[in-house]
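An overview of the molecular structure
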Amino acid sequence: MSSVHALAGVGAEGATSVVGATGAFNATWLLLALPLAGAAVLLLGGRRTDRTGHLIGTLAAAASFVFGLVLFFTLHGRSSSGREVSSNLFTWLPVNGLKVNVGLLFDPLSSVFVLLITGVGTLIHIYSIGYMAHDPGRRRFFAYMNLFLASMLLLVLANDFLVTFVGWEMVGLSSYLLIKFWEYKPAAATAANKAFYVNRVGDVGFLIAIMLMFATVGTTSFTGVFNAVAQHAIGYGTLTAIALTLLLGAASKSGQFPLQTWLPDAMEGPTPISALIHAATMVTAGVYLIARSNPIFTGSQAARTVVLIVAAITILLGCVIGCAYDDIKKVLAYSTVSQIGYMFLAVGLGPAGYALGILHLLAHGFFKAGLFLGAGSVIHGMDDEQDARRFGGLWRFMPVTWVTFGLGYLAIIGFPGLSGFFTKDKIIEAAFDKGGTSGWILGCVALLGAGLTAFYMSRIFLLTFHGERRWSDSGPDAKHPHESPTVMTAPMIVLAFGSVFAGGLLVLGGSLQHWLTPSIGRSAEVGAHTINPAVLTVLTLVVAAGGFAGAYLRYQLRPVAAVAPADSEVSPVTVAARHDLFLNAFNEAVLMRPGQYLTRFLVWSEAVGIDGVVRGIAAGVGGLSGRMRRAQTGFVRTYALSMLTGSVLLVGALLLVKAS
Amino acid sequence: MNPSNYLVLAAILFSIGAVGVLVRRNAIVVFMCVELMLNAANLTLVTFSRIQGTLDGQVIAFFVMVVAAAEVVVGLAIILTIFRTRRSASVDDVNLLKY
């Protein structure tokens with residue numbers, strides 16, 4: 001069951017070693033098996049589990065979380081040299097030359113992911129009990145959620161790129177199933193397909209990366225590949241190619257430019273799904289992948305530059321578009337896109353930023369999940385209305401939602417003392433510290449992003465909870481906003497606590513960075529700061545305050561129309577942002593339509609060309625034989641004559657040959 | 001005696017047989033014409049055997065006779081059966097097996 005791999009020189013500097021599993025770690029597979037069993041019971045049990053399905057699902061998630069905690073503290077008790085525990089389960093592909101072992105790697109990096117996934121996952125399971133209470137498909141919903149948990153855990157626990165890829169595909173499947181959970185809505189079905197297609201692009205990238213690894217190193221296991229990188233067994237070009245193809249996979253899963261278009265559309269799924277999969281966990285898999293492959297990215301400066309460019313574009317793009325939408329979930333989705341951009345920015349900085357990326361990822365997991373659950377609570381209380389222009393003044397009716405959403409909101413804009421303040425500030429600081437022109441550009445982009453984040457989050461917060469009411473409690477479109485039941489508010493409160501304290505707990509004293517050292521190497525020490533950190537913090541706060549002030553002046557002090565002004569009345573920038581900066585249109589015009597024409601042409605040429613030839617031959621032979629069978633008259637003497645003629649001709653030919 | 005006379009005779013007999021097969025309608029007569037052709041062939045075989053001074057041709061002639069006898073047995077049986085069902089011995093009446 002256990003195997004010991006000697007692993008030296010992995011990580012930036014710290015020489016660490018993977019040790020075999022002992023004790024509780026022998027049962028690491030239980031982490032995945034519990035939710036998987038939950039999904040199996042719910043899917044195979046059918047209607048018999050309708051009444052208890054949500055409880056079974058929640059219990060499976062909670063059990064996985066508790067076991068994750070046990071493993072985490074066991075790992076915590078070990079010395080830092082023995083904190084990478086690998087347990088082999090079975091040999092999947094024992095083909096000559098390619099040997100793939102399915103094994104689990106429980107190390108500091110995967111441990112924090114396990115806790116985030118199962119912890120937030122359990123909270124959102126509990127929330128969904130209330131949110132989906134009246135949905136006839138609730139059992140199926142919980143089954144898919146459990147399936148997602150198992151897939152995501154496989155993704156972060158695998159010790160081999162190929163096994164990671166299996167988890168990668170399985171989360172894609174769960175995401176697809178959950179986006180189109182209300183598949184009778186055409187928009188949801190389309191959004192699910194779109195998510196699937198866009199993710200295919202990234203999957204191809206990931207697959208090519210795996211193939212490149214196998215072709216150059218001969219193995220796809222983490223230890224094997226990272227050892228080869230450490231021994232410089234992979235040329236710089238190949239290493240860059242691997243890193244870039246991995247980045248393609250990461251960008252598609254994490255909604256990064258240019259593959260971000262699926263993520264906002266994925267908001268068609270139920271809100272708990274938006275919170276769990278499309279904000280807190282699955283979409284951060286790309287960050288995980290880059291942090292996990294840190295030896296590869298550390299080794300390729302060129303690839304990291306591309307990561308930084310992608311991140312910078314995504315941060316601005318997400319922020320700008322987020323300012324224009326009125327749909328509360330779409331705004332949060334674009335906010336997710338830009339926040340993951342920050343994480344990419346951090347991991348793109350190399351050894352200086354891997355830990356910062358994970359840090360922001362964890363903090364973001366808390367506050368963005370909390371924000372989505374709050375949005376879900378508002379949508380639930382407002383009878384499935386999502387347009388923030390039709391909200392207003394809701395704080396009086398939903399005090400708990402108001403407070404929890406508010407704390408998440410303060411955390412994301414970086415209010416001093418809350419999560420985002422610690423984690424985002426660090427990233428902005430690291431961006432400036434990169435030095436040179438690129439450092440200044442990245443730093444300014446991150447700073448501008450912080451200001452825009454403050455603007456659009458304040459805008460959506462004020463539109464929803466403050467200002468005048470833009471709904472009525474009478475008439476045909478009457479709304480009766482009410483606070484959600486305790487089963488929904490309790491997870492929101494827990495996540496609000498996380499939003500407030502997680503960042504500080506993780507950052508202060510460098511606790512998380514220290515913890516992650518065995519997995520991702522020691523953070524590179526920064527020599528001299530480009531800008532004094534204290535000055536930068538004040539600067540960031542000023543920029544964020546500016547963003548808030550802009551939103552306050554525009555959306556609190558001035559009346560807001562309940563219907564969005566038409567495109568002709570707003571600035572061109574707003575029009576562009578409303579249309580996703582025309583990126584969807586671009587994709588449609590440049591990629592989708594030509595593809596459609598190509599397939600139509602191929603179908604046509606197949607029907608006319610290939611099928612035409614085949615059918616033509618068949619028709620020709622058929623017609624010819626139809627004529628030729630007329631020779632079969634049924635008169636014996638005709639046959640005799642033809643035989644005689646044939647014989648005479650044959651003999652004549654023979655004689656002719658002989659004579660010549 | 002010049003052996004080519006026998007060959008000429010065989011050719012004449014074969015041609016008579018062939019024409020008979022093609023022009024006559026009565027199955028029995030057609031049959032007899034087939035026999036004529038076979039025996040013309042036999043005559044050729046024996047003649048060449050004589051010319052060559054070997055016995056091969058004569059041996060084959062015996063084979064042909066045996067096969068011809070067997071053929072007659074089967075052929076006459078078929079003709080008889082057809083005659084019983086269709087009351088006709090004309091080969092043109094038996095033309096159902098066609099396109």
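Every residue gets a number counted from 1 within its own chain, in the order that chain's sequence is written. Here chains are named by letter from A upward and ligands by number from 1 upward, in the order in which they appear as written. Two thresholds apply to this predicted model, a pLDDT of at least 70 for residue-level local features and 80 or more for giving and counting side-chain atom pairs, whereas whole-chain, interface and lining totals are computed over all residues.

Some details on the overall build of chain B
The condition that has to hold: Strands here are runs of E lasting at least two residues and helices are runs of H or I lasting at least four, both read from the DSSP assignment and numbered beginning at the N terminus. Both definitions apply: the radius of gyration is a C-alpha atom measure, and the globule rule equals 2.2 Å times residues to the power 0.38. Placing a C-beta atom from the backbone of each residue, one calls two residues in contact when those atoms lie within 7 Å.
Along the backbone of chain B there are three helices and zero strands. Going from N to C terminus, chain B has its helices and strands arranged as α-α-α. The C-alpha atoms of chain B give a radius of gyration of 16 Å, which is well past the 13 Å a tight globule of 99 residues would have. Considering only C-alpha atoms, chain B reaches an extent of 50 × 25 × 25 Å along its principal axes. Put simply, of all contacts in chain B between residues at least 6 apart along the chain, 47% involve residues at least 24 apart.

Overview of the overall build of chain A
The following threshold applies: Working definition of burial: number of other C-beta atoms within 10 Å of the residue's own, with buried at 20 or more, exposed at 12 or fewer, and partly exposed in between, all C-beta atoms being placed from the backbone.
Helices and strands together make up the secondary structure of chain A, namely 24 helices and three strands. Considered along the principal axes of its C-alpha atoms, chain A spans approximately 115 × 70 × 60 Å. For chain A, with 660 residues in total, the buried portion stands at 52%. When contacts within chain A are restricted to residue pairs at least 6 apart in sequence, long-range pairs at least 24 apart make up 80% of them.

Points about the interface of chain A and chain B
What counts is decided by this rule: Following the grouping adopted for this structure description, the nonpolar residues are Ala, Val, Leu, Ile, Met, Phe, Trp, Tyr, Cys and Pro, the charged ones are Asp, Glu, Lys and Arg, and the polar ones are all others, Gly among them.
Of the residues lining the interface, eleven residues belong to chain A; the matching set on chain B comes to ten residues. Class assignment for the residues of the side of chain A that touches chain B results in five nonpolar, three polar and three charged.

Thoughts on the sheet that holds strand β3 (residues 98-106) of chain A
All names here are of chain A. This is how it is decided: A pair of strands counts as paired when DSSP detects no fewer than two bridges linking them. Only the stretch in contact is used when a helix axis is fitted, and all axes are lines through C-alpha atoms; the angle between N-to-C directions ranges over 0 to 180 degrees.
Read across the open sheet, the three strands follow the order β1-β2-β3; overall the sheet is mixed. Strands at the two margins of the open sheet, each flanked by one partner only, are β1 (18-20) and β3. Averaged over all neighbouring strand pairs, the angle between strand axes comes to 50°, with direction disregarded. For β1 and strand β2 (residues 84-95), the ladder comprises three bridges, and the chain directions are parallel. Each residue of the ladder has a partner; that of Val18, found in β2, is Glu84.

Considering the packing of helix α11 (residues 285-292) of chain A against helix α14 (residues 328-348) of chain A
Residues and elements named next belong to chain A. Spelled out, the test is: Note that the term roughly parallel is reserved for angles under 35 degrees, roughly antiparallel for angles over 145, roughly perpendicular for angles of 65 to 115, and oblique for everything else.
In the contact formed by α11 and α14, the axes pass within 10 Å of each other and the chain directions differ by 5°. Overall, the two elements α11 and α14 adopt an arrangement that is roughly parallel. In contact with Val287, Ile290 and Ala291 of α11, α14 contributes Ile340, Met343, Phe344 and Val347. Of the residues contributing to the contact of α11 with α14, the split by class is seven nonpolar, no polar and no charged.

Some points on the confidence of the model for chain A
We count it as follows: As a per-residue measure, pLDDT tells how confident the predictor is, with possible values from 0 to 100.
Taken over all residues, the pLDDT of chain A has a mean of 86, while the share at 70 or more is 97%. For the stretch residues 1-15 of chain A, pLDDT sits under 50, and the model shows 45 contacts to residues farther than four places along the chain or on other chains.

Focus on the environment of Pro399 of chain A
Within the secondary structure, Pro399 of chain A sits in helix α16 (residues 399-413). What makes Pro399 of chain A partly exposed here is the crowd of 13 C-beta atoms within 10 Å.

Focus on the pairing of β2 of chain A
On a regular strand, one side chain projects to one face of the sheet and the next to the other, so that they alternate. All names here are of chain A. As paired elements, β2 and β3 share nine bridges and run antiparallel to each other. The partner of Ser86 across the bridge, within β3, is Leu105. The hairpin turn running from β2 into β3, its antiparallel successor, is two residues long, and Gly97 in that turn takes a positive phi close to 90°.

Focus on the packing of helix α18 (residues 436-465) of chain A against helix α21 (residues 533-555) of chain A
All names here are of chain A. Here is the rule: Note on convention: the crossing is left-handed when the near helix lies turned anticlockwise from the far helix by less than a right angle, right-handed when the turn is clockwise.
Two elements in contact, α18 and α21, have axes separated by 7 Å at closest approach and are oriented at 35°. Here α18 and α21 pass one another in a crossing that is right-handed. For the pair α18 and α21, contact is made by Leu447, Ala450, Gly451, Leu452, Thr453, Ala454, Phe455, Ser458, Arg459, Leu462 and Leu463 and by Leu539, Thr540, Val543, Ala544, Gly546, Gly547, Phe548, Gly550, Ala551, Tyr552 and Tyr555, respectively. Classifying every residue of the contact of α18 with α21 by side-chain character gives 14 nonpolar, seven polar and one charged.

Section: the environment of Gly365 of chain A
All names here are of chain A. Mapped onto the elements of the fold, Gly365 is located in helix α15 (residues 354-381). A count of 28 C-beta atoms within 10 Å places Gly365 in the buried class. Remark: the alpha-carbon pair of Gly365 and Gly498, spanning 133 residues in sequence, is separated by 9.1 Å. Those residues in contact with Gly365 that sit more than four places away from it in its chain are Leu116, Val120, Ala280 and Thr281.

Notes on the confidence of the model for chain B
In the predicted model, chain B carries a mean pLDDT of 91, and the fraction of residues at 70 or more is 100%. Across the whole predicted complex the pTM is 0.78, and at the interface the ipTM reaches 0.88.

Concerning the nonpolar core
Here is the rule we go by: When buried Ala, Val, Leu, Ile, Met, Phe, Trp, Tyr and Cys residues are joined through C-beta atoms within 7 Å, the set is termed a nonpolar core.
If you look at the biggest cluster of nonpolar residues, it comprises 203 residues, and the most contacted ones within it are Leu153, Leu157, Leu345, Ala369 and Ala446 of chain A. Ranked by the residues each element gives to this core, the list is headed by α15 of chain A, at 16 residues. Setting aside anything within four residues of it in sequence, one finds Ala369 of chain A in contact with Val120, Ile124, Ala275, Leu276, Ala279, Ala280 and Leu495 of chain A. Ala18, Val30, Phe31 and Cys33 of chain B belong to the second largest nonpolar core, which has seven residues in total.

Quick word on helix α1 (residues 29-45) of chain A
Residue and element names in this part refer to chain A. Rules: Multiplying 1.5 Å by the helix residue count minus one yields the expected span of that helix.
Relative to the 24 Å expected for 17 residues at 1.5 Å per residue, α1 spans 23 Å between its end C-alpha atoms, a close match to the ideal helical length. When we look at burial in α1, the residues that qualify are Trp29, Leu31, Leu32, Leu34, Pro35, Leu36, Gly38, Ala39 and Leu42. Here the buried face of α1 lies against α2 (53-76), β2, β3, α3 (108-131) and α4 (138-157). Gly46 sits one or two residues past α1 and shows a positive phi near 60°.

Some remarks on helix α10 (residues 271-280) of chain A
Because each turn of an α-helix spans 3.6 residues, side chains separated by three or four positions in sequence point in the same direction. All names here are of chain A. Judged by how many residues are buried, α10 sits mostly within the fold: ten of ten residues are covered. Within α10, the full set of buried residues consists of Thr271, Pro272, Ile273, Ser274, Ala275, Leu276, Ile277, His278, Ala279 and Ala280. Residues of α10 that are buried sit in contact with α3, α4, α5 (161-179), α9 (262-265), α14 and α15.

So, unusual backbone geometry
Residues and elements named next belong to chain A. A cis amide bond links Phe257 with the next residue in sequence, Pro258, at an omega value of 0°. Among the secondary structure elements, Pro258 is positioned in the loop between α8 (236-254) and α9. Even without a glycine there, the phi angle at Leu581 is positive, about 55°. Considering the arrangement of structural elements, one finds Leu581 in the loop between α22 (572-578) and α23 (583-628). The exposure class of Leu581 is partly exposed, given the 17 C-beta atoms found within 10 Å.

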